[in-house]
Amino acid sequence: MTDYVLVHGAWGGGWAYDRLARELTTHGHRVLVAQLTGLGTRAAELNPAITLTTHIDDVTAQIADAGFDRFVLCGHSWGGMVITGVATRLGGRIDAICYIDAFLPADGQSLWDITGQWEHDYYIEAQKDAPGLVLPFPPSRGKPGYGRHPLLTLTEPVHFTGEEAKIPRHVYVYATGYNPTPFTRFRNQVIGQGNWELHEVGGGHDVMADEPERLLQIVLGLSTPAR
C-alpha cells in the first residue's frame, strides 16, 4: 500500500482528482486530496491575505492529520508550486514527486517569475474589481467549482532547504495537446536529467479528465513495495 497526496491547480478544487483518487483507492492505496484555504470546498474562506505559504501549511497539516509517514506527492498546474514548497519541508519522507503538466520552480522563484508578460497582465487586470483575488481564465470562468484565486500565491517564491534533494524519484507529465502551453520549458528542462522521468501524454492541460487511464498508470507506477 502506498499513501498518495494530490494537490490541485489554481482556481479549482480537489474535485479535479475525484476519478484518480477513487481508482487509487480501488487499487488498495490511501489517498489524501488536499483541501486548500479559499479554494474548492473551502471557497468560503477566500481572502486576499492567503499566500503560497498558507497552502503549503494546509497540505503539511493535512498530511499530519492523515497519519501519513512516507508518501507520493502529486501536483497539477499551479499545484506544482505547492508541492515544491511541501518538498522543502518534508522531502525526506517523499518517495516520489510528480508534476502533472505543472509549474516547476527553481530555488527563490515564484509563479510570477516563471510566467510571461501575458500572464502578468492578466493577473493584474483580473483582480482589479476584487483586489488580491484573480478571476479564472476565460475557459473556466463561470464553470461550477471554479472561483477567484489569491494573487499572493502567485507572487510568493519557494525557497529550497536541502530537504527537497532527499526525494529519490522525480516525475514530469507533459500534455502534448495543450497549445499554446507554458509548460514546454519544464519538459525540456527535465529531459536528459538522470533523476527525472518524463512522460508525454495526449490531450489538453486537464490531464486528469483527458488522459485518466494513462495518468493512473503513471501514478500507480510510483507506488512503493509493501513494507
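Reading the values: rules and limits
- Residues numbered from 1 in each chain as written.
- Predicted model: local features only at pLDDT ≥ 70, side-chain atom pairs only at ≥ 80, totals over all residues.
- Heavy atoms only, no water.
- Pairing = 2+ DSSP bridges.
- Helix = DSSP H or I, 4+ residues; strand = E, 2+ residues; numbered from the N terminus.
- Axes fitted to C-alpha atoms, helices over the stretch in contact; angles between N-to-C directions.
- Contact = heavy atoms within 4.5 Å.
- Right-handed = clockwise from strand over helix to strand, strands pointing away.
- Core = buried A, V, L, I, M, F, W, Y, C linked by side-chain atoms within 4.5 Å.
- Buried < 20%, exposed > 50% of the residue type's maximum accessible area, 1.4 Å probe, protein only.
- Salt bridge = Lys/Arg side-chain N within 4 Å of Asp/Glu carboxyl O.
- Phe/Tyr/Trp six-rings, centres within 6.5 Å; stacked < 30°, edge-to-face > 60°.
- Lys NZ or Arg CZ within 6 Å of the ring centre and 35° of its normal.
- Parallel < 35°, antiparallel > 145°, perpendicular 65-115°, else oblique.
- Left-handed = near helix turned anticlockwise from the far one by under 90°.
- Nonpolar A, V, L, I, M, F, W, Y, C, P; charged D, E, K, R; others polar.

**A closer look at the sheet that holds strand E2 (residues 30–33)**
Read from one edge to the other, the open sheet built from six strands follows the order E2-E1-E3-E4-E7-E8, with strand pairing classed as parallel. Of all the strands in the sheet, just E2 and strand E8 (196–201) have a single pairing partner and so form its edges. The sheet shows a mean angle of 15° between the axes of neighbouring strands, taken without regard to direction. Examined bridge by bridge, strand E4 (residues 94–100) and strand E7 (residues 169–175) share five bridges and lie parallel to one another. If you follow Ile 100 over to E7, its bridge partner there is Val 173. Relative to the sheet, helix H3 (residues 79–90) contacts strand E1 (3–7), strand E3 (71–76) and E4, its axis offset from that of E3 by approximately 150°. Relative to E8, helix H8 (residues 212–220) is tilted by about 165°, and along the sheet it contacts E1, E3, E4, E7 and E8.

**Let's talk about the pairing of E8**
Of the strand pairs in this sheet, E7 and E8 are connected by six bridges, and their pairing is parallel. Counted as the bridge partner of His 170 is Trp 196 from E8. Read as a crossover between parallel neighbours, the route from E7 over helix H6 (residues 184–190) to E8 is right-handed.

**Description of the nonpolar core**
Core analysis: the largest hydrophobic core is formed by 44 residues, its most contacted members being Val 59, Ile 63, Leu 73 and Trp 78. Where this core is concerned, the elements lending two or more residues are E1, helix H2 (52–66), E3, H3, E4, helix H4 (117–125), E7 and H6. In terms of residue count, H3 provides more of this core than any other element does, six residues in total. Discounting chain neighbours no more than four positions away, the residues touching Val 59 are Val 5, Val 7, Ala 34, Leu 36, Val 82 and Val 86. Counting residues in each nonpolar core, the second largest holds 24 residues, with Ala 96, Val 173, Met 208 and Ile 218 among its members.

**Some remarks on the pattern of salt bridges**
Applying the stated criterion across every chain yields a total of eleven salt bridges. Here Glu 200 makes a salt bridge to Arg 187, at a shortest N to O gap of 2.5 Å. A residue pair is termed long-range when its members are at least 10 positions apart, and Glu 200 in strand E8 and Arg 187 in helix H6 qualify at 13 residues. Salt bridges here are not isolated pairs; linked through shared partners, they connect Arg 42, Glu 45 and Asp 58.

**Quick word on the packing of aromatic side chains**
Taken as a whole and judged by the stated rule, the model has eleven aromatic pairs. A ring pair is formed by Tyr 99 and Trp 196, whose centres lie 5.8 Å apart and whose planes are at 45°; its orientation type is tilted. Here the residue Tyr 99 occupies a position in strand E4, and Trp 196 occupies one in strand E8, the gap between them amounting to 97 residues. Note on accessibility: Tyr 99 and Trp 196 belong to one class, buried. Here the aromatic residues Trp 11, Trp 118, Tyr 122 and Phe 137 are joined through ring pairs into a cluster of three or more. Positioned over the ring face of Tyr 174 is Arg 187, at 5.6 Å from the centre of the ring.

**Quick notes on the packing of helix H1 (residues 18–26) against H8**
One can describe the packing of H1 onto H8 by two numbers: an axis separation of 10 Å at closest approach and a directional angle of 50°. In this view, H1 runs oblique relative to H8, as classed from their interaxial angle. Once H1 is placed against H8, the crossing between them reads as right-handed. When H1 is examined against H8, the residues Arg 19, Leu 20, Glu 23 and Leu 24 are found in contact with a partner set consisting of Pro 212, Glu 213, Leu 215, Leu 216, Val 219 and Leu 220. Taken together, the residues that form the contact of H1 with H8 break down as seven nonpolar, no polar and three charged.

Note that all results are geometric; they support no functional claim without further evidence.
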